[in-house]
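# Geometric and topological summary
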Amino acid sequence: MNTSDILAALPLDRNSPTPLFRQLYTQVRAAILRGVLTPGMQLPPTRALCVLLSVSRQTVLNAYDQLFAEGFLSGTVGKGTFISSHLPISARKSAPRGLMRPLSQRGADYAQAMKYVGHHKGKLRAFRVSMPGLDLFPFDIWSRLEGRRWRHPDHHLGYSDPAGYAPLRELLCVYLRAARGVNCTPDQVVITTGSQQGLYLLTQLLLAPGDKVWVESPGYQGASAPLFAAGAQVCTVPVDADGMDLAYGMAHYPDARMVLTTPSHQLPLGVTMTLQRRLELLRWAAANKAWIIEDDYDSEYRYTGPPLASLQGLDNADCTVYVGTLSKVMFPGLRLGYIVAPPALVDPLVRAKSVMDRHTAIIPQMVLADFMADGHFGRHIKRTREAYGERRLTLLNGIAATLADELVCGPSDCGLDLCVHLRRALDEEKLAQAVLAAGVEVRPLSYYASRVATPECAVGPGLVLGFSAIAPAEIAHGLAVLAKVLRAAR
Ligand SMILES: Cc1ncc(COP(=O)(O)O)c(C=O)c1O
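Residues numbered from 1 in each chain as written. Predicted model: local features only at pLDDT ≥ 70, side-chain atom pairs only at ≥ 80, totals over all residues. Heavy atoms only, no water.

## Focus: the packing of helix α2 (residues 20-33) against helix α4 (residues 57-69)
Relative to each other, α2 and α4 sit at 45°, their axes nearing to 8 Å. As judged from the angle between their axes, α2 and α4 are oblique. In this structure, α2 meets α4 at a crossing whose hand is right-handed. The segment α2 lies against α4, with L20, F21, L24, Y25, V28 and R29 engaging T59, V60, N62, A63, Q66 and L67. Considering only residue class, the contact of α2 with α4 consists of eight nonpolar, three polar and one charged. (Axes fitted to C-alpha atoms, helices over the stretch in contact; angles between N-to-C directions. Helix = DSSP H or I, 4+ residues; strand = E, 2+ residues; numbered from the N terminus. Parallel < 35°, antiparallel > 145°, perpendicular 65-115°, else oblique. Left-handed = near helix turned anticlockwise from the far one by under 90°. Contact = heavy atoms within 4.5 Å. Nonpolar A, V, L, I, M, F, W, Y, C, P; charged D, E, K, R; others polar.)

Written out as structure tokens, the structure reads:
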């Protein structure tokens, strides 16, 4: 093909909002970079090209001007316009298929790490898991507080403290001491971009490749992902009615460097670690110089009494790092979390945080501080606890009335989700797909199994149903769909 044929074939879209000169410029540029138009080729004069393409001369002049300015074209008046001959581009024989070079080992570990962790897709519906009720959030108050911050911008909008907005750290400290029994000062609170970043930073700081880490299985796969990314050895520990089975961990991985646990509310089984086990774990970690990472994510939502105090509050050896999130008491898209670190770990943690992203976005931190200082935070938790309590009852009563012959409910005194075990040995994944095809989401229990789980971690078939994000009528509808699919599987 000669140059005119190539240019005549460029697909200019006259209905596009992008101006024609911009389209022409972009397409000629791409043709040069792809090696379709090669260095030294002569382009038609502007008058000829505008006739060829049925566009105005100005369109061609503007496109040529831009290509000249960026060095793609060269030439002088009277001698013609050429693709710059010095460009080091050669014609490409076929489209690239893969990476030019393989990923580094670290890159490969990263690329695999979150592969098994899903994200929420599409509109909220029954029974989306691990999701608070957006219908209950006071967005009007939030937008008023945020508007106030934008109307009075101050020096905080520069590069600010990587540890987080100081008033927010103070307010969180007061809250965590009172509501979660966390033993801390504001200096120990470091604001992160969700607890995911907190877990990531801690694994990067505290683990060397090959270090052993106990994780609960079934458990939260999002927390294991940073371990895989850090090249740690993920050691799965079964969970029973008293929480993580410490005796198993101690017998199989006595030299572990870290324990990752959800003692207040185990995800997904819903059990709580007993006081006896908490104290045993603390004693073992102190004696073995192991870190305990306490992932406390939704324990504000306890329906049968006041929330249980944190494990960190029982620690007098500074081996526990407390990781919290605003994703459940507020909403996940806010991407705010925090770490309460032992004093000696704060400095390295804050420096690592600043290597990663300087600091978490400041406006959401400031607005959250205002939200807390004005009392909205406490009111929102109280209100949502009541509403989720009702939603939980709708789910439990519905299961008791219509599905008791199919499902056995796990502990339901805390959190946003309910784990139900199947009485029959059905294929839970197929079941979840059939339910999804009918417009309702459920998570098979196997989703939470670690990909390196030992046989002792196996649990029977089950489903996890989120109840907090949706109104009671939706819950009833979701149950009807689930019942229909289960009956059809008879
Ligand atoms: C056990 C557990 N920890 C933490 C989180 C919150 O993570 P993030 O703060 O990154 O949203 C979740 C969310 O589902 C969770 O299930």
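Once the structure has been displayed, the description carries forward.
## Quick word on the site of the ligand
Taken together, S130, G194, S195, Q196, Y220, L267, D295, Y297, T325, S327, K328 and R335 make up the full set of residues adjacent to the ligand. Between Q196 and the ligand, the recorded distance is 3.0 Å, taken from a backbone N or O atom to an oxygen atom. Between the ligand and the protein, one listed contact pairs an oxygen atom with a side-chain N or O atom of K328 at 2.7 Å. Taking a 2 Å distance to the grid points as the criterion, the majority of the atoms of the ligand fall inside the largest pocket. (Near = heavy atom within 4 Å. Polar contact = N/O pair within 3.5 Å; in protein donor to acceptor, adjacent residues only side chain to side chain. 1 Å grid on protein atoms, 1.4 Å probe; cavity = no way out; pocket = protein on both sides within 12 Å on 5 of 7 lines; lining within 4 Å. Sits in = over half its atoms within 2 Å of the grid points.)

## With respect to the pairing of strand β12 (residues 337-340)
Burial along β12 is two-sided: G337 and I339 and Y338 and V340, pointing in opposite directions, are all buried. Relative to β12, strand β4 (residues 189-192) runs antiparallel, the two sharing four bridges. Looking at the pairing, V190 lines up with I339 of β12. The pairing of strand β11 (residues 320-325) with β12 spans four bridges and is antiparallel. Looking at the pairing, T325 lines up with G337 of β12. (Buried < 20%, exposed > 50% of the residue type's maximum accessible area, 1.4 Å probe, protein only. Pairing = 2+ DSSP bridges.)

## A few points about the packing of aromatic side chains
This model, assessed by the stated rule, comprises 13 aromatic pairs. Summarising the aromatic geometry, the rings of Y110 and Y200 are spaced 6.2 Å apart at their centres and angled 65° between planes, so their arrangement reads as edge-to-face. Of the two residues, Y110 is situated in helix α5 (residues 105-113) and Y200 in helix α8 (residues 194-206); the sequence distance between them amounts to 90 residues. Between F137 and F139 the ring centres are 4.7 Å apart and the planes differ by 55°, which places this aromatic pair in the tilted class. Given the relative accessible area of 6%, F137 is considered buried. Overall, F139 belongs to the partly exposed group, its relative accessible area being 37%. Here the aromatic cluster, defined as three or more aromatic residues joined through ring pairs, consists of F137, F139, W142, F331 and F371. (Phe/Tyr/Trp six-rings, centres within 6.5 Å; stacked < 30°, edge-to-face > 60°.)

## Here we look at the layout of surface pockets
Any empty space left between the atoms is revealed when a probe the size of a water molecule rolls over them. The computed volume of the largest pocket comes to approximately 580 Å³. Lining the largest pocket are 24 residues, and of these G118, H120, S130, Y220 and K328 lie nearest its centre. Sorting the residues of the lining of the largest pocket by element identifies α8 and α9 (221-229) as the ones contributing at least two each. A breakdown of the residues in the lining of the largest pocket according to their chemical character gives nine nonpolar, eleven polar and four charged. Put simply, the second largest pocket is a space of about 500 Å³. As for the second largest pocket, its lining consists of 17 residues, and the residues nearest its centre are L436, E441, V442, R443 and P444. (Points joined across faces, edges and corners; volume = space filled by probe spheres on them.)

## Description of α2
Taking 1.5 Å per residue as the helical rise, α2 with its 14 residues ought to reach 20 Å, and the 20 Å between its terminal C-alpha atoms agrees with that figure. Residues of α2 that are buried: Q23, L24, Y25, Q27, V28, A31 and I32. Residues of α2 that are buried make contact with α1 (3-8), α3 (46-53), α4 and β3 (80-83). (Expected span 1.5 Å × (residues − 1).)

## Section: the pattern of salt bridges
A complete count under the given rule lists 19 salt bridges for this structure. The salt bridge involving E406 is made with R490; its shortest N-O contact spans 2.9 Å. In this pair, E406 sits in the loop between α14 (376-402) and β13 (407-409) while R490 sits in the segment after α16 (472-488), placing the two residues 84 residues apart along the sequence. Its relative accessible area of 58% is what places R490 among the exposed residues. Each member of the salt-bridge network shares a partner with another, and the members are D405, E406, R424, R487 and R490. (Salt bridge = Lys/Arg side-chain N within 4 Å of Asp/Glu carboxyl O.)

## Quick notes on the nonpolar core
Within the largest apolar cluster, 66 residues are counted, with the highest numbers of intra-cluster contacts made by F127, M330, L368 and F377. With eight residues, helix α13 (residues 362-373) is the largest single contributor of residues to this core. With near-sequence residues (within four places) excluded, M330 lies in contact with P132, F137, W142, L368, F371 and F377. (Core = buried A, V, L, I, M, F, W, Y, C linked by side-chain atoms within 4.5 Å.)

## Some thoughts on the sheet that holds strand β1 (residues 42-43)
Strand order in the open sheet formed by three strands is β1-β3-β2, with antiparallel pairing between adjacent strands. Two strands lie at the open edges of the sheet, namely β1 and β2 (73-76), each paired on one side alone.

## A few points about empty space enclosed by the protein
Enumeration over the complete set of coordinates arrives at three cavities of 30 Å³ or more. If you add up the space inside the largest cavity, you get close to 90 Å³. Forming the boundary of the largest cavity are V215, E216, G219, Y220, Q221, A223, S224, L260, T261, T262 and D295. Looking at the lining of the largest cavity, the elements that each hand over two or more residues are β5 (212-216), α9 and β9 (258-261). In terms of residue count, α9 provides more of the lining of the largest cavity than any other element does, three residues in total. Looking at the lining of the largest cavity residue by residue, the class counts come to four nonpolar, five polar and two charged. Top contributing element to the lining of the second largest cavity by residue count: α9, with four residues. When its residues are assigned to classes, the lining of the second largest cavity shows five nonpolar, two polar and one charged.

## Digging into the packing of α8 against α9
Running from amino to carboxyl end, α8 crosses α9 at an angle of 30°, the nearest separation of the two axes being 9 Å. With respect to α9, the axis of α8 lies roughly parallel. Pair α8 / α9 crosses with right-handed handedness. Across from Q196, L199, Y200 and T203 in α8, the residues of α9 making contact are G222, A223, P226 and L227. Residues of the contact of α8 with α9, tallied by class, amount to five nonpolar, three polar and no charged.

Remember, this is a structural readout, not a statement about activity or role.
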